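# Structural description and commentary
The lines below spell out each chain.
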Amino acid sequence: MTTIRELERRVGEEVGVSPWVEITQERIDTFAKAIDDYQWIHVDRERAKNSQFGGTIAHGFLTLSLLSHLSEATFSFSDRRMGVNYGLNRVRFTSPVPVGSRVRARFTLQKFERIEDNGVQVTWTTVIEREAAAKPALVAEWIGRHYY
């Protein structure tokens, strides 16, 4: 795909699948520091070993925050001069993401709407899947605005 406007004909289709990203303890710890959330299930390796997960897990919001990176790693639009997050209609954290997991995102275009100032609003059904897991880690309806 080369332009934002070409997305219009892809409504209802899976448009892209991102590369895999590893969820390291360093990534989890850095996120904990950034948001001041040191819940033991994320950062206390010893205590987390005895949890139902057998080790630390990523914050749900860390998984969610990866959408921007995963999207940028998946799509490149030659006519886009700016893109912004507009929000989320729905987010579900459907399974944990243990440290050492690899995740990727699947992007299905739900809506394409023209907006002012040479822009479009796109609504994606996004699924973050964990490698070799039966259930996705996250399902979200994500809205972005792009200007060309």
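Report on the accompanying structure. From a predicted model like this one, the values you see are computed outputs, not experimental measurements.

Cut-offs used in this document
- Residues numbered from 1 in each chain as written.
- Predicted model: local features only at pLDDT ≥ 70, side-chain atom pairs only at ≥ 80, totals over all residues.
- Heavy atoms only, no water.
- Phe/Tyr/Trp six-rings, centres within 6.5 Å; stacked < 30°, edge-to-face > 60°.
- Buried < 20%, exposed > 50% of the residue type's maximum accessible area, 1.4 Å probe, protein only.
- Helix = DSSP H or I, 4+ residues; strand = E, 2+ residues; numbered from the N terminus.
- Pairing = 2+ DSSP bridges.

### Let's talk about the packing of aromatic side chains
- Summed over the entire model, instances satisfying the criterion amount to six aromatic pairs.
- Aromatic side chains phenylalanine 75 and phenylalanine 77 sit 5.8 Å apart centroid to centroid with 10 degrees between the ring planes, which places their arrangement in the stacked category.
- Residue classification places phenylalanine 75 among the buried residues on the basis of a relative accessible area of 11%.
- Look at phenylalanine 77 and you get buried, because its relative accessible area is 11%.
- For the pair phenylalanine 107 and tryptophan 142, a centre-to-centre distance of 6.4 Å together with 40 degrees between the ring planes defines the contact as tilted. Here the residue phenylalanine 107 occupies a position in strand S4 (residues 102-115), and tryptophan 142 occupies one in strand S6 (residues 138-147), the gap between them amounting to 35 residues.
- Look at tryptophan 142 and you get buried, because its relative accessible area is 9%.
- Three or more aromatic residues joined by ring pairs make a cluster, and in this case those are Phe75, Phe77, Phe107, Trp124 and Trp142.

### Considerations on the pairing of S4
- Sheet topology note: the strand S1 (residues 14-17)/S4 ladder contains three bridges and is antiparallel. By the bridge assignment for S4, glutamate 14 is matched with threonine 108.
- Of the pairings in the sheet, the one linking strand S2 (residues 21-22) to S4 comprises two bridges and is antiparallel in character. Bridged to glutamate 22 within S4 is arginine 102.

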